[in-house]
Structures are given as C-alpha cells and as structure tokens.
Amino acid sequence: DKLTRNVYPLQMIYKSNAWYMRGFCLARRDYRTFRLSRIKSTEVMPESFNLMDLPEEKPEENPEKPHEDMSVRLLFSSEAANRIYDDFHESLIHREPDGRFSLAVDIVDDEWIYSLILSYGCLVEVLEPEHLRSKIRERLIKTLGLYDQ
C-alpha cells in the first residue's frame, strides 16, 4: 500500500547503518520517525512551518518494557578500528597498549545494542555488564546450533 504523508522534517538520525528522518506528521498530528530507504519520493511543498507552533513532543513510552540505560564496557580487536569510529564518538574510545580498543558507554538496553555487538562477530568482547555478556553468549550459541546440524 502506498501512503502519502505531509511531514514537517525536524531531524536526521543515523542509527543501525540506516538514515531516519524525524518529523511532525500532519495526518497523524504527532511526531513520527521515517526510515529514508522506505521513502519512495519526496516533494518540497510551498508552505513552511514554525517549530514553536508544533505541540510539545512527549517522550516515547512502552509500559510493557521500559528501556533503561546500562553501563557497557566493550573490548575491540584492532581489526575493528575503522568501524568503531563510525559507530561511536571518538571521546568514548580508548586505545589500549596492546593495540586493542576499549569503550565505555551508557546506552539503552534494547535490541539495537545486541544487534550492533553481534555484528562485530569475533572482533568484540563484552566486558560488562554480566547480563549483556550472558545474552550475547546465548545468542551466539543459538546461532552456532544452526550450523552444527
């Protein structure tokens, strides 16, 4: 189904190797996030908008599973150097004497961080927290099971 939306663009976001546009959707009268690769065409409309006229944006809430920040420490192989700087701000990255890279960051505990860590394969080790380390280990064992048959 093809949808046409009129949106006031507010912000460009790069996350999980994809670009998104955050904006105010006139049809929904609410803030929405649109993945750019799913937008088939765009047209600049003649009207403009005043940011101050838009309703205040309410924080996103999911009462079933609130996302909380967790303090994460990762250790990367030197082979991951270029990619680390693409995914994280350089102020978070520390070069170790042996050439590896450590990273400490407070980040939301959600599917995005699991996917990101797993995408590094054998080039990253989760040092902390232990529950994240365990979940990554469980997912790797489950994945390995697909290849053991």
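Preceding this section is the structure that the text describes.
Note on numbering: residues in each chain are counted from 1, in written sequence order. Note on the predicted model: pLDDT of at least 70 is required for a residue's local features to be given, and 80 or more for side-chain atom pairs to be given and counted; whole-chain, interface and lining totals, by contrast, use all residues. Hydrogens and water molecules were not included; the side-chain quantities draw on all heavy atoms of the structure.

A.B. asks: Could you clarify how one ought to interpret the environment of Leu-103 in this entry?
C.D. replies: The residue Leu-103 is located in strand E6 (residues 101-108) in this model. Taking relative accessible area as the criterion, Leu-103 reaches 2% and is therefore assigned buried. Once the C-alpha coordinates of Leu-103 and Glu-130 are considered, the two residues, 27 residues apart in sequence, prove to be 16 Å apart. Any two residues whose heavy atoms approach within 4.5 Å at even a single point are treated as in contact. With residues up to four places along the chain from it excluded, the contact list for Leu-103 reads Val-72, Arg-73, Leu-74, Phe-76, Phe-88, Leu-92 and Ile-93. Working definition: helices are DSSP H or I runs of at least four residues, strands are E runs of at least two. Numbering for both runs from the N terminus. Throughout, exposure labels follow a simple rule: accessible area from a 1.4 Å probe, protein chains only, divided by the maximum for the residue type, with under 20% read as buried, over 50% as exposed, and the rest as partly exposed.

A.B. asks: What exactly am I supposed to notice about unusual backbone geometry here?
C.D. replies: Peptide bonds are trans in most cases, and residues, glycine excluded, mostly fall at negative phi. Residue Pro-129 follows Glu-128 across a cis peptide bond; omega there is 0°. Tracing the sequence through the fold places Pro-129 in the loop between strand E7 (124-128) and helix H3 (130-147). In this structure, Arg-29 is a non-glycine residue whose phi angle is positive, near 55°. You can see Arg-29 is positioned in the loop between strand E2 (18-25) and strand E3 (30-35). Among the residues examined, Arg-29 registers a relative accessible area of 55% and is labelled exposed.

A.B. asks: How should I be thinking about the sheet that holds E3 in this particular structure?
C.D. replies: By way of backbone hydrogen bonds, the strands of a sheet pair with one another, either parallel or antiparallel. Strand pairing is assigned whenever DSSP identifies at least 2 bridges connecting the two strands. With antiparallel pairing, the 3 strands of this open sheet are ordered in space as E1-E2-E3. Looking at strand neighbours, the two that pair on one side only are strand E1 (7-15) and E3, the edges of this open sheet. Across the sheet, the mean angle from the axis of one strand to that of its neighbour is 25°, orientation sign disregarded. In the sheet, E1 pairs with E2 via 8 bridges, with the strands oriented antiparallel. Counterpart to Ile-13 in the pairing with E2 is Tyr-20. An axis is simply a line fitted to the C-alpha atoms; with a helix, the fit covers only the stretch in contact. Between two such axes, the angle follows the N-to-C directions and lies from 0 to 180 degrees.

A.B. asks: Is there a simple way to explain helix H2 (residues 111-119) in this structure?
C.D. replies: Given 3.6 residues per turn, any residue in an α-helix points the same way as the ones three and four places further on. Taken together, the buried positions of H2 are occupied by Ile-113, Tyr-114, Leu-116 and Ile-117. Buried residues in H2, looked at end-on, bunch into an arc of 165°, giving them a common side. For H2, the secondary structure elements touched by its buried residues are strand E4 (69-76), helix H1 (81-87), E6, E7 and H3. Following H2 by one or two positions, Gly-121 has its phi on the positive side, about 55°. What the arc covers is the set of directions going from the helix axis to the C-beta atoms.

These figures capture arrangement, not role.
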